[in-house]
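Listed below are the residues making up each chain.
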Amino acid sequence: MDTAGDDSDKPVNAPSRNYVRDAKAMAATPADVKEYPNSYVFIVDMPGLKSEDIKVQVEEDNALLISGERKREEVKEGAKYIRMERRVGKFMRKFTLPENANTDAISAVCQDGVLTVTVEKLPPPEPKKPKTIEVKIA
């Protein structure tokens, strides 16, 4: 038996480190989702973040990915933390968009620490009109 790999103690179905990290990041990033007649709106609290710290992407044509990283602020000389409760590190949320989401019409605005991503809806398809077939006499 070949024991050259160092993963021999790892269960076969154990999740990867990246998966565990991403799962924690998703669980720690709460979001509200609203549906309006013409759009879907995703609202995520982003206190203290700058726009360059936030990334909004569409993957595989139907997945909205909101991600980024909150960095720890520099500690000034002579200061020390007594308590650290605010979460730092990577965050991520992934949403599967409905079929009628217009992925070419997405806007993202971060104001007062709240990110609002608006995804416009595609117009409903027009009902098909009955097609008349001309009957020919043979």
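Residues numbered from 1 in each chain as written. Predicted model: local features only at pLDDT ≥ 70, side-chain atom pairs only at ≥ 80, totals over all residues. Heavy atoms only, no water.

### With respect to the sheet that holds strand β7 (residues 114–121)
Okay, so step 1: What the four strands build is an open sheet, ordered β1-β2-β7-β6; its pairing is antiparallel. Edge positions in the open sheet fall to β1 (31–35) and β6 (101–111), since each of these has one partner strand only. Going from strand to strand, the sheet's axes swing by 15° on average, the running direction of each strand aside.
Okay, so step 2: Bridge count for strand β2 (residues 39–45) against β7 is seven bridges, and the pairing is antiparallel. What sits directly across from D45, in β7, is V114. (Pairing = 2+ DSSP bridges. Helix = DSSP H or I, 4+ residues; strand = E, 2+ residues; numbered from the N terminus. Axes fitted to C-alpha atoms, helices over the stretch in contact; angles between N-to-C directions.)

### Section: the nonpolar core
Okay, so step 1: Among the nonpolar cores identified, the biggest contains 15 residues, and F42, M46, L64, I66, V117 and V119 are the most heavily contacted of them.
Okay, so step 2: Counting residues per element, the ones that place at least two in this core are β2, β4 (63–70), β5 (89–96) and β7.
Okay, so step 3: When near neighbours in sequence (up to four residues on either side) are disregarded, V119 contacts S39, Y40, F42, L64, L97, A101, N102, A105 and I106. (Core = buried A, V, L, I, M, F, W, Y, C linked by side-chain atoms within 4.5 Å. Buried < 20%, exposed > 50% of the residue type's maximum accessible area, 1.4 Å probe, protein only. Contact = heavy atoms within 4.5 Å.)

### Things to note about the packing of aromatic side chains
Okay, so step 1: Here the structure, examined in full by the defined rule, presents one aromatic pair.
Okay, so step 2: In this arrangement the basic side chain of K121 is found over the ring face of Y40, its NZ or CZ atom lying 4.9 Å from the centre. (Phe/Tyr/Trp six-rings, centres within 6.5 Å; stacked < 30°, edge-to-face > 60°. Lys NZ or Arg CZ within 6 Å of the ring centre and 35° of its normal.)

### Looking at the pairing of strand β3 (residues 54–59)
Okay, so step 1: Bridge analysis of β3 against β4 gives six bridges, and the strand direction is antiparallel. Bridged to V58 within β4 is L64.
Okay, so step 2: Hairpin connection from β3 to β4: three residues lie between these consecutive antiparallel strands, with E60 at a positive phi of about 50°.

### Some words on the sheet that holds β3
Strand pairing in a sheet is mediated by backbone hydrogen bonds. Such pairs are either parallel or antiparallel.
Okay, so step 1: On the basis of which strands lie adjacent, the open sheet formed by three strands has the order β3-β4-β5 and antiparallel pairing. The strands lining the two open edges of the sheet, one partner per strand, are β3 and β5. For this sheet the average axis-to-axis angle between neighbouring strands, irrespective of direction, equals 15°.

Function-wise, these values are silent; they only describe arrangement.
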